[in-house]
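What follows is the residue order along each chain.
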Amino acid sequence: MVKKQKYYVVWKGKNPGIYTSWDECKEQIEGVKDTKYKSFESLGEAESAFKEGYKGYLGAACVAKIQCATSQEIIMDSLAVDAACSGNPGVMEYQGVRTFDKERVFHKKFQLGTNNIGEFLALVHGLSYMKKHGFTQPMYSDSVNAISWVKQKKCKTKLERNAKTEELFQFIERAEEWLRTNTYTTQILKWDTERWGEIPADFNRKK
């Protein structure tokens, strides 16, 4: 399947403009505080949004009822993380996406794990990713347990460590070590599922 062309508007970055790849866009926003950017499905939409400016575009989006109900609450310029598990324990995976367009920025899968472990690893992966690239945006998670574990710098799982889970536990140890030896400025926010619906990083497997 051919990947559909996207267009990236950078309103605030090193060189504001319209870019045709995420790599080009990323070069313009890395290390820049309070960047403003968004992807669009067509060049026409991108050109119109860039011409209107960031505040003008947000106003037009609300008029069009796009995120109007939540634009004053959800910080769209952010990262969202989530995990999914087929059985608990079972095959587990987690991912991080950009909140405003659900573009995946990282993903990891394990043959055996739990949802709480996945949520914890997703948060630590997100913190590492944000620090590495110099991003200052906040990060959303819908897991109270995972947020608590990150603050305590400890994955408090009761999952048994054995041959099937050894790789996973090695990742857990690396995550805990990262938390102990690194500082970060990323603000971790609780996603309000009741008010906003499923988190953008959700795997859409709930029945």
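Residues numbered from 1 in each chain as written. Predicted model: local features only at pLDDT ≥ 70, side-chain atom pairs only at ≥ 80, totals over all residues. Heavy atoms only, no water.

Chemist: I'd like a rundown of the packing of aromatic side chains, residues and numbers included.
Modeler: Under the criterion given, the structure shown has 13 aromatic pairs. Aromatic pair Tyr-140 and Trp-196: ring centres 6.0 Å apart, planes at 85°, arrangement edge-to-face. Here the residue Tyr-140 occupies a position in strand S7 (residues 139–141), and Trp-196 occupies one in helix H7 (residues 193–196), the gap between them amounting to 56 residues. Classification of Tyr-140 by relative accessible area gives buried; the value is 2%. (Phe/Tyr/Trp six-rings, centres within 6.5 Å; stacked < 30°, edge-to-face > 60°. Helix = DSSP H or I, 4+ residues; strand = E, 2+ residues; numbered from the N terminus. Buried < 20%, exposed > 50% of the residue type's maximum accessible area, 1.4 Å probe, protein only.)

Chemist: How would you sum up the sheet that holds strand S8 (residues 188–190)? Please name residues and give values.
Modeler: If you walk across this open sheet you meet the five strands as S6-S5-S4-S7-S8, and the pairing is mixed. Each having just a single partner strand, strand S6 (104–113) and S8 make up the two edges of the open sheet. Neighbour-to-neighbour, the strand axes of the sheet open up by a mean angle of 25°, direction not taken into account. Relative to S6, strand S5 (residues 90–98) runs antiparallel, the two being bridged by seven bridges. Paired with Gln-95 across the two strands is His-107, which belongs to S6. Across the sheet, helix H5 (residues 144–152) is in contact with S7 and S8; its angle to S8 comes to roughly 155°. Of the strands in this sheet, S5 and S6 are in contact with helix H6 (residues 166–181), which crosses S6 at around 130°. (Pairing = 2+ DSSP bridges. Axes fitted to C-alpha atoms, helices over the stretch in contact; angles between N-to-C directions. Contact = heavy atoms within 4.5 Å.)

Chemist: I'd like a rundown of the pairing of strand S4 (residues 79–87), residues and numbers included.
Modeler: With nine bridges connecting them, S4 and S5 associate as antiparallel partners. Bridged to Val-81 within S5 is Gly-96. From the end of S4 to the start of S5, which pair antiparallel, there are two residues. Where S4 lies against S7, two bridges are found, and the strand directions are parallel. For Leu-79, the partnering residue across the bridge sits in S7 and is Met-139.

Chemist: Report on the packing of helix H4 (residues 115–133) against H6, specifying residues and quantitative values.
Modeler: Two quantities define a packed helix pair, namely the angle between the helix axes and the distance between the axes. Between H4 and H6, whose axes approach to 10 Å, the crossing angle comes to 45°. One way to sum up the angle between H4 and H6 is to call them oblique. The handedness of the crossing between H4 and H6 comes out as left-handed. In this structure, H4 uses Ile-117, Phe-120, Leu-121, Val-124, Leu-127, Ser-128 and Lys-131 to contact H6, whose residues at the interface are Leu-168, Phe-171, Ile-172, Ala-175, Glu-176, Trp-178 and Leu-179. Within the contact of H4 with H6, the residues separate by chemical class into 11 nonpolar, one polar and two charged. (Parallel < 35°, antiparallel > 145°, perpendicular 65-115°, else oblique. Left-handed = near helix turned anticlockwise from the far one by under 90°. Nonpolar A, V, L, I, M, F, W, Y, C, P; charged D, E, K, R; others polar.)

Chemist: Please set out the pattern of salt bridges residue by residue, giving values where relevant.
Modeler: According to the stated counting rule, one finds seven salt bridges in the structure shown. Residues Arg-161 and Glu-166 are paired through a salt bridge, measuring 2.9 Å at the closest nitrogen-oxygen approach. What makes Arg-161 partly exposed here is its relative accessible area of 37%. Salt-bridge contacts for Arg-180 lead to Glu-177; the nearest nitrogen and oxygen are separated by 2.8 Å. Here the residue Arg-180 and the residue Glu-177 both occupy positions in helix H6, the gap between them amounting to three residues, near one helical turn. Residue classification places Arg-180 among the partly exposed residues on the basis of a relative accessible area of 48%. Residue classification places Glu-177 among the partly exposed positions, given a relative accessible area of 37%. Put simply, Arg-161, Glu-166 and Glu-173 are held in one network by salt bridges that share partners. (Salt bridge = Lys/Arg side-chain N within 4 Å of Asp/Glu carboxyl O.)

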